[in-house]
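Here are the chains, one letter per residue:
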Amino acid sequence: MRTLSFSVRTPDTSVIRRDWERVRREHHRAALEVTELASKKAQRHIQAKVRGVGLGRLSNAVGQTSARQKRQTNPDRDPYGVIYARGGDESLAGGALEAYSQGATIRPRNGEWLAVPTRAAPRFVRVGGKRRRLTPSLWEKGGLNQRIGRLIFKRIRPNLAILTVRRVSLSPKTGQAKALGKSGRTRTRVVPKEDTVVFVLIKQTRRAKRFDKDQIVRFYADRMPDYLRRTLAGYNRSPT
């Protein structure tokens, strides 16, 4: 009987491995570009919508970032694009964006009333070395009892009240109040005859839905496969 022998040669797969690595790099690079593109388009669309429904400067609170912007380009990390509220979801702007995009009933977190400042009250006050948005609870802590006057509570209706101050003068340009001098006279400021309202107090307020941020995000998310195809096609047309 004749002896048969067999031999096997391992194929050279280096070319296949190089091609696979090139394809992997191109897809990751394209994903970085596409997540940046789609999230940037969505951000600008949301900002335009916010302005279009009359919310003006609130559009500035719509932020955007991505893995590409943050230079997080390691192939082991997933590319991403993010749209967020500048200052965080718990900030005033973040809460406003959420309320106007979802609709919400806003109630006081602490206490009985929501306080809405008028033009007579400063917007911010410094307490403990920090600049903070003015609320009735910060009025005395911020020294406004001396600079403007003590707050006087007046109920108008069961669900409406006001906080006023007495003996103040008002800026003719801004309407902001400050304590009136002992003489009761001033040459350049307006002296009201009655108490001046510095806060309007309400039990709750309703924010109707004004725009749909989720719909806008879905619109651009659905287009990402097309963005990806076009981006990859661009790589094939140009030298790498």
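Just so it is clear, the model here is predicted, and its values are computed rather than measured.

Asks: Where do I start with the packing of aromatic side chains in this structure?
Replies: Two numbers describe a pair of aromatic rings. These are the distance of the centres and the angle of the planes. This model, assessed by the stated rule, comprises three aromatic pairs. Each ring, one from W113 and one from F153, has its centre 6.2 Å from the other, and the planes form 55 degrees; the classification is tilted. Note that W113 is positioned in the loop between β3 (104-106) and β4 (114-117) and F153 in strand β7 (residues 152-157), a separation of 40 residues in sequence. On the basis of relative accessible area, W113 is assigned to the buried category, the value being 16%. Judged by relative accessible area, F153 falls into the partly exposed class, the value being 42%. Sitting above the plane of the F124 ring, R131 keeps its charged end 3.9 Å from the centroid.

Asks: Can you help me understand the pattern of salt bridges in this one?
Replies: Two side chains bearing opposite charge may form a pair once their charged atoms approach each other closely. Tallied over the entire structure, the rule returns 10 salt bridges. Close ionic contact of R29 with E33 constitutes a salt bridge, the shortest N to O distance being 3.5 Å. Here R29 and its partner E33 are both found in helix α1 (residues 14-52), four residues apart, which amounts to about one turn of the helix. Take R29: its relative accessible area is 42%, and that puts it in the partly exposed class. Given the relative accessible area of 22%, E33 is considered partly exposed. R166 serves as the salt-bridge partner of D195, at 3.1 Å between the closest nitrogen and oxygen. Here R166 lies in the loop between β8 (160-165) and β9 (168-170) and D195 lies in the loop between β10 (177-179) and β11 (196-202), a separation of 29 residues in the sequence. Owing to a relative accessible area of 26%, D195 belongs among the partly exposed residues under this scheme.

Asks: What's the story with the nonpolar core in this structure? I'm lost.
Replies: When a protein is soluble and globular, its nonpolar side chains tend to lie buried together. Residues L134, W139, I148, V198 and F199 are the most contacted members of the largest nonpolar core, which totals 19 residues. Among the secondary structure elements, those contributing two or more residues to this core are β5 (124-127), α3 (136-139), β8, β9 and β11. Each residue touching V198, except ones within four places of it in the same chain, is listed here: V116, P117, T118, A120, A121, W139, L151, L163, T164 and V165. If you look at the next biggest cluster of nonpolar residues, it comprises 16 residues, including I46, A85, F211 and Y220.

Asks: Help me understand the environment of S101 in this model?
Replies: Locating S101 in the fold gives a position in helix α2 (residues 92-102). With 112 residues separating them in the primary sequence, S101 and K213 have C-alpha atoms 6.2 Å apart. For S101, the contacting residues outside a window of four places in its chain are K209, F211 and K213. A polar contact is formed between the side chain of S101 and the backbone oxygen of L97, at a distance of 2.8 Å.

Asks: Help me understand the confidence of the model for the protein chain in this model?
Replies: With 97% of its residues at a pLDDT of 70 or more, the protein chain has an overall mean of 90. Within the protein chain, the element-level pLDDT minimum falls on β3, averaging 84, and the maximum on β8, averaging 97.

Asks: Looking at this structure, I do not really get the sheet that holds β7. What am I missing?
Replies: Either a parallel or an antiparallel arrangement is found when strands of a sheet pair, and the pairing is made through backbone hydrogen bonds. If you trace the four strands from one edge of the open sheet to the other, you get β4-β11-β8-β7, paired in antiparallel fashion. Either end of the sheet is taken by a strand with one partner, and the two such strands are β4 and β7. With strand direction ignored, the average angle separating the axes of adjacent strands in the sheet is 30 degrees. Pairing of β4 with β11 involves four bridges; the strand directions are antiparallel. Within β11, the position partnered with L114 by the bridge is I202.

Conventions and cut-offs
Residues numbered from 1 in each chain as written. Predicted model: local features only at pLDDT ≥ 70, side-chain atom pairs only at ≥ 80, totals over all residues. Heavy atoms only, no water. Phe/Tyr/Trp six-rings, centres within 6.5 Å; stacked < 30°, edge-to-face > 60°. Helix = DSSP H or I, 4+ residues; strand = E, 2+ residues; numbered from the N terminus. Buried < 20%, exposed > 50% of the residue type's maximum accessible area, 1.4 Å probe, protein only. Lys NZ or Arg CZ within 6 Å of the ring centre and 35° of its normal. Salt bridge = Lys/Arg side-chain N within 4 Å of Asp/Glu carboxyl O. Core = buried A, V, L, I, M, F, W, Y, C linked by side-chain atoms within 4.5 Å. Contact = heavy atoms within 4.5 Å. Polar contact = N/O pair within 3.5 Å; in protein donor to acceptor, adjacent residues only side chain to side chain. pLDDT = per-residue confidence, 0-100. Pairing = 2+ DSSP bridges. Axes fitted to C-alpha atoms, helices over the stretch in contact; angles between N-to-C directions.

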